[in-house]
Amino acid sequence: TREQLDLVKQMIKDIADQTMGGMPNIVKKGDKVLIKINTVIPVPANEGFTTDPRMLEALIELVQEQQPSKIQIGERSAMGGDTKNAMDVCGITAVAERTGAELCPFDNVPFDMYKIDRPISFNEFPVPRPVRDADVYIGLPKMKVHVHTTFTGALKLQFGNLPDYDWMVRCHRDDIYQKIVNLTRAANPKWFIMDSLYACQGNGPFSAYRDDLIKDF
């Protein structure tokens with residue numbers, strides 16, 4: 001409902017005020033804004049491990065108040081899945097239709113190689129061109145646990161900036177932290193706001209056990 005959306009919008013605005021001094025310090029007039037979401041697999045948003053449409057729609061409305069030139073919603077689903085299908089099932093497509101934001105499944109965009117000129121793991125990898133072209137990159141991670149990293153948050157979100165499953169599983173080992181840091185460096189984020197309306201505990205990043213869903217966290 002509009003009432004629910006306004007509650008979420010006020011919460012996000014409060015966080016923007018507290019962390020950045022307000023949305024005008026995050027987005028300027030004419031900026032190209034990319035919002036990176038989490039639709040890891042195609043499941044309804046109330047399962048608790050994909051981006052809640054209420055969070056996304058409220059955030060887009062706040063960004064629109066700053067008069068950006070473009071707002072894109074970017075993501076690449078896990079395990080080689082069809083990201084557009086995941087966006088449809090997770091309620092993201094409906095948000096884009098209501099707000100006028102542009103869906104940007106990374107399955108269908110050009111990638112450019114990004115190189116970190118140091119002998120570290122995962123020091124050269126592809127980055128979606130819309131990510132590099134954006135004036136403002138805002139991450140919208142989902143509060144949930146993860147089998148490899150204990151917790152999925154602002155940094156782990158950038159795994160969805162890789163083009164396919166082969167790239168996603170590279171360096172999934174003890175030095176996974178270096179991969180996460182490098183991906184975040186390439187994205188050059190401006191701000192993160194965590195979606196914790198519904199959270200996922202237990203066997204993340206997605207769990208089949210109903211007790212692992214925490215509603216109204």
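Owing to the predicted nature of the structure, the values given are computational and were not obtained by experimental measurement.

A. View of the overall build of the protein. Across its full length, the protein carries seven helices and 11 strands. A compact globule built from 217 residues would reach a C-alpha radius of gyration of about 17 Å, and the protein, at 16 Å, matches this within 12%. If you line up the protein on its principal axes, its C-alpha atoms span 50 × 45 × 30 Å. Relative to its full complement of 217 residues, the protein shows a buried share of 54%. Restricting the contact set of the protein to residue pairs at least 6 apart, pairs at least 24 apart contribute 71%.

B. Here's a closer look at the packing of aromatic side chains. Overall, the coordinates contain three aromatic pairs when judged by the stated rule. Relative to phenylalanine 125, the ring of phenylalanine 122 has its centre 5.1 Å away and its plane inclined at 15°; by these criteria the two rings are stacked. Judged by relative accessible area, phenylalanine 122 falls into the buried class, the value being 8%. Three or more aromatic residues joined by ring pairs make a cluster, and in this case those are Tyr114, Phe122, Phe125 and Trp167. The lysine or arginine in question, arginine 54, covers the ring of tyrosine 198, its NZ or CZ lying 5.3 Å from the ring centre.

C. Just the sheet that holds strand E1 (residues 32–36), in detail. In spatial order, the strands read E3-E2-E1-E6-E9; together these five strands make up an open sheet with parallel pairing. Two strands in the sheet have a free side with no partner beyond their single neighbour: strand E3 (102–105) and strand E9 (191–192). As paired elements, strand E2 (residues 70–75) and E3 share four bridges and run parallel to each other. Among the inter-strand pairings, glutamine 72 is bridged to a residue of E3, identified as glutamate 102. Of the strands in this sheet, E1, E2, strand E6 (136–139) and E9 are in contact with helix H2 (residues 53–64), which crosses E2 at around 150°.

D. Expanded view of a nonpolar patch on the surface. Taken together, the side chains of Met79, Tyr165 and Val169 make up a nonpolar region of the molecular surface, amounting to roughly 290 Å² of accessible area. Position of tyrosine 165 among the secondary structure elements: in helix H6 (residues 165–169).

E. Expanded view of unusual backbone geometry. Phi is positive for glutamine 67, close to 60°, though the residue is something other than glycine. A positive phi angle is found at asparagine 188, which is not glycine, with a value near 55°. Note on placement: asparagine 188 falls in the loop between helix H7 (176–187) and E9.

F. Highlighting the side chain of glutamine 158. The topology assignment puts glutamine 158 in the loop between strand E8 (150–152) and H6. By relative accessible area, glutamine 158 is classed as buried at 0%. At a separation of 3.0 Å, a polar atom in the side chain of glutamine 158 contacts the side chain of threonine 184. Setting aside residues up to four positions removed in sequence, glutamine 158 forms contacts with Tyr137, Leu183, Thr184, Ala187 and Phe192.

What counts as what
- Residues numbered from 1 in each chain as written.
- Predicted model: local features only at pLDDT ≥ 70, side-chain atom pairs only at ≥ 80, totals over all residues.
- Heavy atoms only, no water.
- Helix = DSSP H or I, 4+ residues; strand = E, 2+ residues; numbered from the N terminus.
- Rg over C-alpha atoms; globule rule 2.2 N^0.38 Å.
- Buried < 20%, exposed > 50% of the residue type's maximum accessible area, 1.4 Å probe, protein only.
- Contact = heavy atoms within 4.5 Å.
- Phe/Tyr/Trp six-rings, centres within 6.5 Å; stacked < 30°, edge-to-face > 60°.
- Lys NZ or Arg CZ within 6 Å of the ring centre and 35° of its normal.
- Pairing = 2+ DSSP bridges.
- Axes fitted to C-alpha atoms, helices over the stretch in contact; angles between N-to-C directions.
- Patch = residues over 30% accessible without salt bridge, like charges linked within 9 Å, V, L, I, M, F, W, Y side chains within 5 Å.
- Areas by Shrake-Rupley, 256 points an atom, 1.4 Å probe, with all protein chains shown as cover.
- Salt bridge = Lys/Arg side-chain N within 4 Å of Asp/Glu carboxyl O.
- Polar contact = N/O pair within 3.5 Å; in protein donor to acceptor, adjacent residues only side chain to side chain.

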